[in-house]
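Observations on chain architecture
What follows is the residue order along each chain.
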Amino acid sequence: MSSVINRLGIVGTGVMGAGIAQLAAQAGINVALFDRRDGAASAAVDGLRATFNKLVTKDKVSKASAEAALSHLSVVDTLSALSDCDMVIEAIVEDLGVKKALFADLEAIVSKQCILATNTSSLSVTAIAANLNHPERMAGFHFFNPVPLMKVIEVIGGISTDEAVVDTLLTLAERFGHTGVRAQDTPGFIVNHAGRAYSTEGLKILEERVAEPHDIDRILREEAGFRMGPLELFDLTGLDVSHPAMESIFTQFYHDPRYRPSYISRQMLQGKRLGRKTNIGFYRYNNGQKIDAPAPQPVPTVSDLPPFWVGCADSALHAHVSSLLKSLGASVEQGDSPSAQALCLLLPFGDDAVSASVHYGTDPERTLCLDGLMGLQRHRTLMMTPVTREDMRDAAHALLARDGAGVTVIRDSVGFVSQRVLAAVVNLACDIAQREIASPTDIDKAVRLGLNYPQGPLEWGDALGPKRLLCILERIYTLTGDPRYRPSPWLRRRATLGVSLLHTSPRIG
Ligand code: NAI
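Topic: the overall build of the chain
From N to C terminus, the chain includes 20 helices and 15 strands. By principal-axis analysis of the C-alpha atoms, the chain measures approximately 85 × 60 × 40 Å. Contacts in the chain between residues at least 24 apart in sequence constitute 70% of all its contacts with a sequence separation of at least 6. Within the structure as shown, the chain displays about 21500 Å² of accessible surface, and the carbon and sulfur contribution to it stands at 51%. Seen as two clouds, the 51 positive and the 56 negative side-chain charges of the chain have centres 2 Å apart.

The structure is reproduced here in structure tokens:
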């Protein structure tokens, strides 16, 4: 099998094929482009010429290297013209039958050494390779859109793929200036699998009417540090893409509740509220710009604050919150139980406000909970019981906003917003590690680069504390009875032993 790629064939020269051609040409590889639609491959080369001109104007690429890259591109009119390629990658329509037929045709044309690769994002590499005479030469080489900017490529070996082919593609990814990660041929591979936690938990929180879409997005942006909230991200991607992707992963994992999609996105898809492309989704748009976006909750004006009593099992966090409240001007009670006037501020992990109130024996009308998972610097989430008094809510909101931090009040919810989303994200990454779909370090690299999370989920889990995340999941699972929240054995074992979530067991034998 070819171990060095000097001539690459690309079949399908749409958005993805053209992006792959750009990377390969910049890496000095000769690229032959083929598309079954007349003129499409030449149009792709014209588009790349315009791209390179722009890059030269912006001083991102020198004129000489742009010209060199363009000289590596050629258009071919027939598949047979790919016969001397060391590798052919397809980026055609996402249809199993069409892809299988293409590879059958290609196998009759190319040499025995030629590697065949698919850019599929949702089909099984094993299924695509099933009818080949030499399935060992075929692998997934999965790019993300836009190809030059998304710096990760998943390299997927099917059940029969030769490991040497996977190694060659990992080296090729590096030549492209990207990070190659090795993934098993499983639904969604790494990135589209790991991403299910964020999207489906965001919808579940909305389904439970814990908060409005803009509040959920704000908490996850400002408090947890995600670049976009899950609902605004749906609007960007388009529910015509995201909802079927959620359903497909759910079906492929035989309806494991971890991946359960939502009736909300299905109904919005049916009603053509797809997001930016239809000017309406979770938000409204005009020419791609958000319009009429609801403002964050206003800070109430409160003249007299009640005394605060803090309930928190973690003594360091208890001390931190007490000193924060004092620094903001509150009087904080020191007793083991609250006075009859006190606002009871509890810091539960995994519990909802009612169960926390029962646990601490506080009056639910005077109880609010504060999410202490993400630190309390930039943004603070307050949770009410169903009977929390408005004066108590306003007092807590006004006090916690005094230093300019954002404050969002939510309704009663197991695990607030950040806790349940972060626990779901880390838990799913742990499942992916447990199944050896990828190594822990590759999972973190793929998610950071492919989903733009501020940290890889496993290192993030280590920073937040595996024991704490396990406790959150156990409480949510107990309170809801929903197996969606069952803790991953990978997380449970490492949390119990006090070792890193990146820790891999030794091989047997
Ligand atoms: P596209 O629609 O922009 O381009 C597909 C091109 O393939 C078209 O020019 C079409 O004429 C050509 N084509 C279709 N069937 C063909 C055939 N049998 N032989 C030769 N050419 C054929 O699609 P896009 O977005 O570039 O996606 C292509 C593939 O890449 C799909 O399999 C998709 O799942 C995968 N992918 C797409 C991503 C995206 O964000 N668009 C991300 C990752 C993977």
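Concerning the site of the ligand
In the neighbourhood of the ligand, 19 residues make up the surrounding shell, with Met-16, Asp-35, Ile-92, Glu-94 and Lys-99 lying closest. Taken together, the elements giving at least two residues each to the shell around the ligand come down to helix H1 (15-26) and helix H4 (96-107). Residue composition of the shell around the ligand, grouped by class: 8 nonpolar, 6 polar and 5 charged.

Details of H4
Taking 1.5 Å per residue, 12 residues should reach 16 Å; H4 reaches 16 Å between its end C-alpha atoms and fits that length. Residues of H4 that are buried: Lys-99, Leu-102, Phe-103, Leu-106 and Glu-107. Around the axis of H4, the buried residues are gathered within 130 degrees of arc, so they sit on the same side. Buried residues along H4 sit against strand E1 (7-11), strand E4 (87-90), strand E5 (115-118), helix H5 (125-129) and strand E6 (138-142).

Things to note about the sheet that holds strand E8 (residues 179-184)
One open sheet accounts for 8 strands, arranged E3-E2-E1-E4-E5-E6-E7-E8; its pairing is mixed. With partners counted over all chains shown, the strands left at the sheet margins are strand E3 (73-75) and E8, one partner each. With strand direction ignored, the average angle separating the axes of adjacent strands in the sheet is 25 degrees. Of the strands in this sheet, E1, strand E2 (30-34), E3 and E4 touch H1, which is tilted by about 170 degrees from E1.

Here we look at the side chain of Thr-388
As for its position among the elements, Thr-388 is in the loop between strand E14 (379-384) and helix H15 (390-400). Polar contacts involving the side chain of Thr-388 include one to the main-chain carbonyl oxygen of Thr-367, which spans 2.8 Å. A distance of 2.8 Å separates a polar side-chain atom of Thr-388 from the backbone nitrogen of Thr-385. Excluding residues within four positions of it along the chain, Thr-388 makes contact with Pro-364, Glu-365, Thr-367, Leu-368 and Arg-393.

Observations concerning helix H6 (residues 163-175)
For H6, with 13 residues, the first-to-last C-alpha span of 19 Å sits near the 18 Å given by 1.5 Å per residue. Taken as a whole, H6 has its buried residues at Val-165, Val-166, Thr-168, Leu-169, Leu-170, Leu-172 and Ala-173. Turning to H6, the residues buried within the fold contact E4, E5, E6, strand E7 (152-157) and E8. Between the side-chain oxygen at the start of H6 and the backbone nitrogen of Ala-164 there is a gap of 2.9 Å, and the oxygen is on Asp-162. Phi turns positive one or two residues past the end of H6, at Gly-177, with a value near 80 degrees.

Some remarks on the pairing of strand E15 (residues 406-410)
In terms of burial, E15 is largely enclosed, as 5 of its 5 residues are buried. Both faces of E15 are covered, namely the face carrying Gly-406, Thr-408 and Ile-410 and the face carrying Val-407 and Val-409. Following the chain from E14 across H15 to the adjacent parallel E15, one finds a crossover that is right-handed.

With respect to the nonpolar core
With 127 residues, the main nonpolar core has Phe-282 and Leu-325 as its most contacted residues. The leading source of residues in this core is helix H16 (residues 418-434), at 11 residues. Setting aside chain neighbours within four positions, we find Phe-282 in contact with Leu-203, Leu-206, Leu-231, Phe-234, Asp-235, Leu-239, Ile-264 and Met-268. Within the second largest apolar cluster, 42 residues are counted, among which are Ile-10, Met-16, Leu-23 and Val-31.

Structural notes on the environment of Pro-296
When you line up the elements, Pro-296 lands in the loop between strand E10 (289-291) and strand E11 (308-311). Measuring from C-alpha to C-alpha, the distance between Pro-296 and Val-407 comes to 8.6 Å, with 111 residues separating the pair along the chain.

Digging into the packing of helix H8 (residues 196-207) against helix H10 (residues 230-237)
Packing of H8 against H10 brings their axes to within 9 Å, and their N-to-C directions diverge by 120 degrees. Classified by chirality, the crossing of H10 by H8 is left-handed. Residues Tyr-198, Ser-199, Gly-202, Leu-203 and Leu-206 of H8 lie in contact with H10, whose contacting residues are Pro-230, Leu-231, Leu-233 and Phe-234. Per-class residue counts for the contact of H8 with H10 are 7 nonpolar, 2 polar and no charged.

A word on the environment of Leu-48
Residue placement: Leu-48 occurs in helix H2 (residues 40-57). Taking C-alpha positions, Leu-48 is 9.7 Å from Ala-69, a pair spaced 21 residues apart along the chain. Among all residues touching Leu-48, those that are not within four sequence positions of it are Ala-18, Ala-21, Gln-22, Leu-70 and Leu-73.

Calculation rules
Sequence order as written defines residue numbering, which begins from 1 separately in each chain. Since the coordinates come from a predicted model, pLDDT governs what is reported: local features require at least 70, and pairs of side-chain atoms require 80 or more to be given and counted, while whole-chain, interface and lining totals use all residues. Excluding hydrogens and water, the side-chain values take into account all heavy atoms of the structure. Under the DSSP-based scheme used, a helix requires at least four consecutive residues in state H or I and a strand at least two consecutive residues in state E, with every element numbered from the N terminus. Contacts are residue-level and defined by heavy atoms, with any inter-residue pair within 4.5 Å sufficient. Shrake-Rupley sampling with a 1.4 Å probe provides the accessible areas, and residues are treated as covered by the protein chains on show and by no other component. The sign given to each residue is positive for Lys and Arg and negative for Asp and Glu; His and the chain ends receive no count. Note that the charge is assigned to NZ on lysines, CZ on arginines, CG on aspartates and CD on glutamates. Nearness is judged by heavy atoms alone; a residue qualifies as near a molecule or strand once a single heavy atom is within 4 Å of it. Any residue outside Ala, Val, Leu, Ile, Met, Phe, Trp, Tyr, Cys, Pro, Asp, Glu, Lys and Arg is labelled polar, Gly included; the first ten of those are nonpolar and the last four are charged. Expected helix span is computed as 1.5 Å times (number of residues minus one). Three exposure classes are used, based on accessible area relative to the maximum for each residue type with a 1.4 Å probe and protein chains only: buried under 20%, partly exposed in between, and exposed over 50%. This arc corresponds to the set of directions leading from the helix axis out to the C-beta atoms. We treat two strands as partners when DSSP finds at least two bridges between them. Axis definition: a line fitted to C-alpha atoms, limited for helices to the stretch in contact. Angles are taken between N-to-C directions and run from 0 to 180 degrees. Side-chain atoms alone can form a polar contact between residues adjacent in sequence; in general such a contact is a pair of N or O atoms within 3.5 Å, and within protein one must be able to donate a hydrogen while the other accepts it. Orient the strands so they point away from the viewer, and a crossover whose first-strand-to-second-strand path over the helix runs clockwise is right-handed. Residue types Ala, Val, Leu, Ile, Met, Phe, Trp, Tyr and Cys, when buried and joined through side-chain atoms within 4.5 Å, form a set referred to as a nonpolar core. Left-handed describes a crossing in which the near helix is turned anticlockwise from the far one by less than a right angle; the clockwise case is right-handed.

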